[in-house]
Amino acid sequence: MKRSVLTRYRVMAYVTAVMLLVLCTCMVFKYGFDKGEGLTLVVSQIHGVLYIIYLIFAFDLGSKAKWPMGKLLWVLVSGTIPTAAFFVERKVVREAEPLIADGAPATAEA
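Residues numbered from 1 in each chain as written. Predicted model: local features only at pLDDT ≥ 70, side-chain atom pairs only at ≥ 80, totals over all residues. Heavy atoms only, no water.

**As for the confidence of the model for the protein chain**
As a reminder, the rule being used: The pLDDT value expresses, per residue, how confident the predictor is, ranging between 0 and 100. Strands are runs of DSSP state E lasting at least two residues, helices are runs of H or I lasting at least four, and both sets are numbered from the N terminus onward.
When the pLDDT values of the protein chain are averaged, the result is 85; 91% of them are 70 or greater. Per-element averaging of pLDDT across the protein chain places helix α4 (residues 84–96) at the bottom with 86 and helix α2 (residues 37–65) at the top with 92.

**Quick notes on the pattern of salt bridges**
Pairs can form between side chains of opposite charge once their charged atoms are near each other. Keep this limit in mind: Any Lys or Arg side-chain nitrogen located within 4 Å of an Asp or Glu carboxyl oxygen qualifies as a salt bridge. The cut-offs for exposure are 20% and 50% of the maximum accessible area for each residue type, with area from a 1.4 Å probe on protein chains only; residues under the lower value are buried, those over the upper are exposed, and the others partly exposed.
Applying the stated criterion across every chain, the model contains 5 salt bridges. Between R3 and E97 there is a salt bridge whose closest N-O contact spans 3.4 Å. Of this pair, R3 sits in helix α1 (residues 3–33) while E97 sits in the segment after α4, and the two are 94 residues apart along the sequence. E97 sits in the partly exposed class, given a relative accessible area of 32%. Its salt-bridge partner being D60, residue K64 comes within 3.2 Å of it at the nearest N-O pair. With K64 and D60 both in helix α2, this residue pair falls 4 residues apart, about one helical turn.

**Some thoughts on the environment of L39**
For L39, the position within the fold is in helix α2. Its relative accessible area of 52% is what places L39 among the exposed residues. With 12 residues separating them in the primary sequence, L39 and M27 have C-alpha atoms 9.5 Å apart.

**Side note on α2**
Operational definition: What a helix should span is 1.5 Å times the count of its residues minus one. The criterion used for residue contact is that any of the two residues' heavy atoms lie within 4.5 Å.
In this model α2 runs 41 Å from its N-terminal to its C-terminal C-alpha over 29 residues, within 8% of the 42 Å that 1.5 Å per residue would give. Those residues of α2 that fall on the buried side of the exposure criterion are T40, V43, H47, L50, Y51, Y54, A58, D60, L61, G62 and A65. Those residues of α2 that are buried lie in contact with α1, α3 (69–77) and α4. Immediately beyond the C-terminal end of α2, within one or two residues, lies K66, with a positive phi of roughly 55 degrees.

**Description of the packing of α1 against α4**
Counted only if it meets this: Orientation is described by axes fitted as lines to C-alpha atoms, over the contacting stretch for helices, and by angles from 0 to 180 degrees between their N-to-C directions. For classification, angles of less than 35 degrees are called roughly parallel, those exceeding 145 degrees roughly antiparallel, those between 65 and 115 degrees roughly perpendicular, and all remaining angles oblique. Side-chain classes are defined by residue name, with Ala, Val, Leu, Ile, Met, Phe, Trp, Tyr, Cys and Pro counting as nonpolar, Asp, Glu, Lys and Arg as charged, and the others, Gly among them, as polar.
Packing of α1 against α4 leaves a shortest axis separation of 9 Å and a crossing angle of 170 degrees. Relative to α4, the element α1 is oriented roughly antiparallel. Contacts between α1 and α4 pair L6, Y9, R10, A13, Y14, A17, V18 and L21 from the former with A85, F86, V88, E89, V92, V93 and A96 from the latter. When grouped by side-chain class, the residues that make up the contact of α1 with α4 number 13 nonpolar, no polar and 2 charged.

Printed below as a string of structure tokens:
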């Protein structure tokens, strides 16, 4: 597995998690204080698009790491639970690091 697969997943995990926290804050203002309805709509749409990209990258990582279906589903769903993606991302990186092939070409010694 290439390092870029893990890097793409990590970036999208953080971006999705941050956007979900922003969305939750917007929802509190929308329903708690009747403010920011337009902003909430924009943030929810942005989060939705980013979550779809996260799903694609997480599925790609899971298929290349040969995860069982239960683990893959947990990683995919973690993008919908506020702050869960931060913790799941750290665990996934620890488990996926040994699977990364070195990009350095092998040199033959004479």
